[in-house]
Amino acid sequence: MTDKPAVPAHPADPAIPTVDPAQPRTAHTFDGRPYSPGLEGVIAAETELGLVDGANGRLMYRGYRIGDLVAHGTYAAVANLLWTGTWDPRARLAAGRIPSAVMAALRALPRTAKPMDALRTAVSVWGATQVLDWPPTEIQARALTEFSPSALAAFARLRQDLEPIDADPTLDLVSGFLYQLTGERPDKATARALDAYFIVGAEHGLNASTFTARVITSTRSDMASAVAGAIGAMKGPLHGGAPSEVVEQIHKVGSPEHAEKWVRDALARGERLMGFGHRVYRAYDPRAAALRKVVEAMPTKPDWLELAIKVEDVALRVLEEKYPDRPLKTNVEFYAAAVLQGVGLTPDLFPATFALARHAGWTAHVLEQASANRLIRPDARFVGVEERDLPK
Ligand code: ACO
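Remember, it's a predicted structure, so these values are computed and weren't measured experimentally.

Draft legend 1. Up close: the confidence of the model for the protein chain. With 91% of its residues at a pLDDT of 70 or more, the protein chain shows a mean pLDDT of 90. Every residue in residues 1-17 scores below 50 in pLDDT, and together they form 23 contacts with partners more than four places removed in sequence or on other chains.

If you want it as structure tokens, here you go:
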């Protein structure tokens, strides 16, 4: 695979200065170029994978609407779609085997380690046991996506002094994950609910962890390094989301008749309501809409679901009153919390479970980046002392 030739930074927009890669890089050549803290507004990649239309509350994977994918697809079919571009509803993924080096590493971790740290470690050690040549392949993407749920389930048991459970190759990926966590094969409806969560978590454009995976790939590193880095990026509270905080918030409200007062008091104290607002969506998050339907069809709903629906109604009304010009709607975390709690996961496993779901998207971005690679290497605007003599 050959790297793409250098192209101007923004060929479509003559108003934005372009960078001439042939020019020598001195401090002075940065003058006049736009600086965007956090790269906000900068287009840093081309993708055919996820389209996040924040203004209209739409999310599509390769053109297919998220609501349709949740209603009619499986996580395996969605992962296959992201990797190959082909919709095959019969696509299958099963829980993978854990290499002995990974198991030894998981056993060596302190029981108090965060599940995200354990997962990142497992992916790193897994990479050291594989031949992951350049360019990365769909086979590698599949192997890593199948491995990680087994590793997380193994750590979740080890920290409770329970022995890990071998993968059952007859189960699909999500059922296999629940089986390896609990030792019980989940009923169809429970597995279906978690599979739906995996579908909505699979891909979301050039977010921080996906960008991290693409940066690592752009150096011609390997699939495991890219995903280990992505897990590290997702671990931060600004990205990994906090469905567990939604659970806490609903518990604090306590009962439906307290919802209105609790919401108004929280806003008066300057607090943010968990599960509302989004940097990109200015409409109801389409993932929340899809998950709400899933939650309502679940046989074991968390006991606080009715209360959560009441809190949502009140919060949407009060947020609209407070910010009439700024739509603050329900985001994916609100109903993700209900699904994850409903399938029996403890809140401290929520972020790592989100990372498992995002494996499909991360690995698809790795393949896409590698297929038209250019080393990602932005510049920094130098604001320090430019040149001086060492003190005598
Ligand atoms: N509750 C109360 N007020 C809010 C909320 C909220 N959930 N979200 C935004 N606001 C307020 C802000 O404080 C700001 O008010 P100000 O102008 O008086 O300072 C105003 O609305 C506009 O804020 P935004 O520009 O929309 O917010 P931003 O893009 O900076 O933040 C974020 C987005 C972080 C998601 C924010 O809405 C938030 O903190 N929500 C609660 C936490 C949450 O649900 N996180 C999960 C997000 S989804 C995910 O990560 C997968």
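Okay, back to it.
Draft legend 2. Local environment of the environment of tryptophan 262. Along the chain, the position of tryptophan 262 falls in helix H11 (residues 259-268). Judged by its relative accessible area of 16%, tryptophan 262 falls in the buried class. Counting along the chain gives 119 residues from tryptophan 262 to alanine 143, while the straight-line C-alpha distance between them is 47 Å. Beyond its immediate stretch of four places on either side in the chain, tryptophan 262 contacts Gln249, Lys252, Val253 and Leu273.

Draft legend 3. Region of the structure containing the pattern of salt bridges. Within this structure, the stated rule accounts for 23 salt bridges. Of the charged contacts in the structure, one is a salt bridge between arginine 264 and glutamate 260, with a shortest N-O distance of 3.0 Å. Taken together, the positions of arginine 264 and glutamate 260, both in helix H11 and four residues apart, correspond to about one turn of that helix. Across the salt bridge formed by arginine 264 and glutamate 321, the nearest N and O atoms sit 3.1 Å from each other. Highlighted residues: arginine 264 in helix H11 and glutamate 321 in helix H13 (residues 305-322), separated in sequence by 57 residues. Shared partners join several salt bridges into a network, and the residues in it are Glu260, Arg264, Arg317 and Glu321.

Draft legend 4. Fine view of the site of the ligand. Residues in close proximity to the ligand total 18 residues, the closest being Leu273, Gly275, Arg279, Arg326 and Asn331. Between the ligand and the protein, one listed contact pairs an oxygen atom with a side-chain N or O atom of arginine 279 at 2.8 Å. Here the ligand has 930 Å² of accessible area as a free molecule, and 68% of this is covered by the chains. Class assignment for the residues of the shell around the ligand results in eight nonpolar, five polar and five charged.

Draft legend 5. Spotlight on unusual backbone geometry. The linkage connecting tryptophan 134 with the following residue, proline 135, adopts the cis geometry, with an omega of -5°. Phi angles above zero are rare outside glycine, and leucine 39 is one such case at about 60°. Judged by its relative accessible area of 35%, leucine 39 is partly exposed. At arginine 220, a position not held by glycine, the phi torsion is positive, near 65°. With respect to the helices, strands and loops of the structure, arginine 220 is situated in the loop between helix H8 (208-218) and helix H9 (223-234).

Draft legend 6. Region of the structure containing helix H2 (residues 75-84). Most of H2 sits inside the fold, with nine of its 10 residues counted as buried. Those residues of H2 that fall on the buried side of the exposure criterion are Tyr75, Ala76, Ala77, Val78, Ala79, Asn80, Leu81, Leu82 and Trp83. Of the residues one or two after H2, glycine 85 is the one with positive phi, at around 85°.

Draft legend 7. Here's a closer look at the sheet that holds strand S1 (residues 50-53). The three strands lie next to each other as S1-S2-S3, forming an open sheet whose pairing is antiparallel. Each end of this open sheet is capped by a strand with a single partner; those strands are S1 and strand S3 (64-65). Examined bridge by bridge, S1 and strand S2 (residues 58-61) share four bridges and lie antiparallel to one another. Along S2, the bridge assignment pairs aspartate 53 with arginine 58.

Draft legend 8. Representation of the pairing of S2 in the model. Counted along the chain from S1 to the antiparallel partner S2, the turn is four residues long, and its residue glycine 57 has a positive phi close to 65°. Judged from the two bridges that link them, S2 and S3 form a sheet pairing that is antiparallel. Bridging from a neighbouring strand, tyrosine 61 pairs with tyrosine 64 of S3. Hairpin connection of S2 to S3: two residues between the antiparallel strands, including arginine 62 at a positive phi of 45°.

Draft legend 9. How the structure looks around the domain arrangement of the protein chain. Split into domains, the protein chain comes out as domain 1 (75-239 + 352-371) and domain 2 (243-342). Each of domain 1 and domain 2 has a C-alpha centre, and these two points are 28 Å apart. Listed per partner, the contact involves 10 residues of domain 1 and 13 residues of domain 2. Taken together, the two surfaces of domain 1 and domain 2 that pack against each other cover about 880 Å², and 77% of this comes from carbon and sulfur. It is Tyr197, Val200 and His204 that lose the most area in domain 1 upon contact with domain 2, and together they represent 54% of the buried surface on that side.

Criteria and cut-off values
- Residues numbered from 1 in each chain as written.
- Predicted model: local features only at pLDDT ≥ 70, side-chain atom pairs only at ≥ 80, totals over all residues.
- Heavy atoms only, no water.
- pLDDT = per-residue confidence, 0-100.
- Contact = heavy atoms within 4.5 Å.
- Helix = DSSP H or I, 4+ residues; strand = E, 2+ residues; numbered from the N terminus.
- Buried < 20%, exposed > 50% of the residue type's maximum accessible area, 1.4 Å probe, protein only.
- Salt bridge = Lys/Arg side-chain N within 4 Å of Asp/Glu carboxyl O.
- Near = heavy atom within 4 Å.
- Polar contact = N/O pair within 3.5 Å; in protein donor to acceptor, adjacent residues only side chain to side chain.
- Areas by Shrake-Rupley, 256 points an atom, 1.4 Å probe, with all protein chains shown as cover.
- Nonpolar A, V, L, I, M, F, W, Y, C, P; charged D, E, K, R; others polar.
- Pairing = 2+ DSSP bridges.
- Domains from an automatic or database assignment.
- Buried area = accessible area lost by both parts, 1.4 Å probe.

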